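Fold and contact review
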Amino acid sequence: MEWTHYRFRSRWRLPAAPAVVYDALERAEEYPRWWPQVREVDRVDDTSGVIRIRSLLPYDLTFTAREVRRDPAAGVLEIAMTGDLEGWARWTLTAAGTGTLARYDQEVDVTKPLMRRLAVPGRPVFRANHALMMRAGRRGLTAHLQAV
């Protein structure tokens, strides 16, 4: 097992149509407005930006996100990530009743030295930290969608 390799999957039930959710998710520069752990998104060009995140643990992760796939008809947004996290992340949106099921898949290798040094003892804590971040993101996006 590679202790610095992670696969995550989250599912969010959201109270808006897929097109509305897609519109919110494709505007990554607005994530800090509704997702507390996304601290900064600085656009580099039309398809990439530098993102800084910080959850409960006292460290930031910074990475460059580059758009790989933007397909509104299929409800897919995918990025490649380089920096403290190397890998990819993907949103896949499907209709669910009057709302949306948003599935988030991520596969990354952690390159941040501190996280690599603490890979074995810290792994359960890092996974729990990610879960807390995703829970806060779902709550934030839900509130954002209800306010629009």
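Right, let's walk through the structure included here. Remember, it's a predicted structure, so these values are computed and weren't measured experimentally.

1. A short note on the nonpolar core
Formed by 37 residues in total, the largest nonpolar core has its most connected members in Trp 12, Val 21, Leu 25, Trp 35, Val 38, Trp 91 and Leu 141. By residue number, the principal contributor to this core is helix α4 (residues 119-147), which donates 5 residues. Apart from residues no more than four positions distant in its own chain, Trp 12 is found in contact with Trp 35, Trp 91, Thr 100, Leu 101, Ala 102, Met 134, Gly 137, Arg 138 and Leu 141.

2. Details of the sheet that holds strand β3 (residues 48-53)
Ordered by their spatial adjacency, 7 strands build an open sheet running β1-β7-β6-β5-β4-β3-β2, and the pairing between neighbours is antiparallel. Two strands lie at the open edges of the sheet, namely β1 (5-14) and β2 (38-45), each paired on one side alone. Each strand of the sheet is rotated relative to its neighbour by a mean of 20°, with strand direction disregarded. Of the pairings in the sheet, the one linking β3 to strand β4 (residues 61-71) comprises 6 bridges and is antiparallel in character. Note that in β4 the partner of Ser 48 across the bridge is Arg 66. Against the sheet, helix α1 (residues 18-25) engages β1, β4, β5 (76-83), β6 (85-96) and β7 (99-110), with an angle of about 160° to β6. Relative to the sheet, α4 contacts β1, β2, β3 and β7, its axis offset from that of β1 by approximately 25°.

3. A closer look at the pattern of salt bridges
Enumeration over the complete set of coordinates arrives at 14 salt bridges. Glu 107 is the partner of Arg 7 in a salt bridge, and the nearest nitrogen-oxygen pair spans 3.3 Å. Linking Arg 7 in strand β1 with Glu 107 in strand β7, this pair joins segments that are 100 residues apart in sequence. When its relative accessible area of 56% is taken as the criterion, Arg 7 is described as exposed. One salt bridge in this structure joins Asp 23 and Arg 27, with 2.5 Å as the shortest N-O distance. Residue classification places Asp 23 among the partly exposed positions, given a relative accessible area of 36%. Put simply, Glu 40, Arg 52, Arg 54 and Asp 60 are held in one network by salt bridges that share partners.

Cut-off values and rules
Residues numbered from 1 in each chain as written. Predicted model: local features only at pLDDT ≥ 70, side-chain atom pairs only at ≥ 80, totals over all residues. Heavy atoms only, no water. Core = buried A, V, L, I, M, F, W, Y, C linked by side-chain atoms within 4.5 Å. Buried < 20%, exposed > 50% of the residue type's maximum accessible area, 1.4 Å probe, protein only. Helix = DSSP H or I, 4+ residues; strand = E, 2+ residues; numbered from the N terminus. Contact = heavy atoms within 4.5 Å. Pairing = 2+ DSSP bridges. Axes fitted to C-alpha atoms, helices over the stretch in contact; angles between N-to-C directions. Salt bridge = Lys/Arg side-chain N within 4 Å of Asp/Glu carboxyl O.

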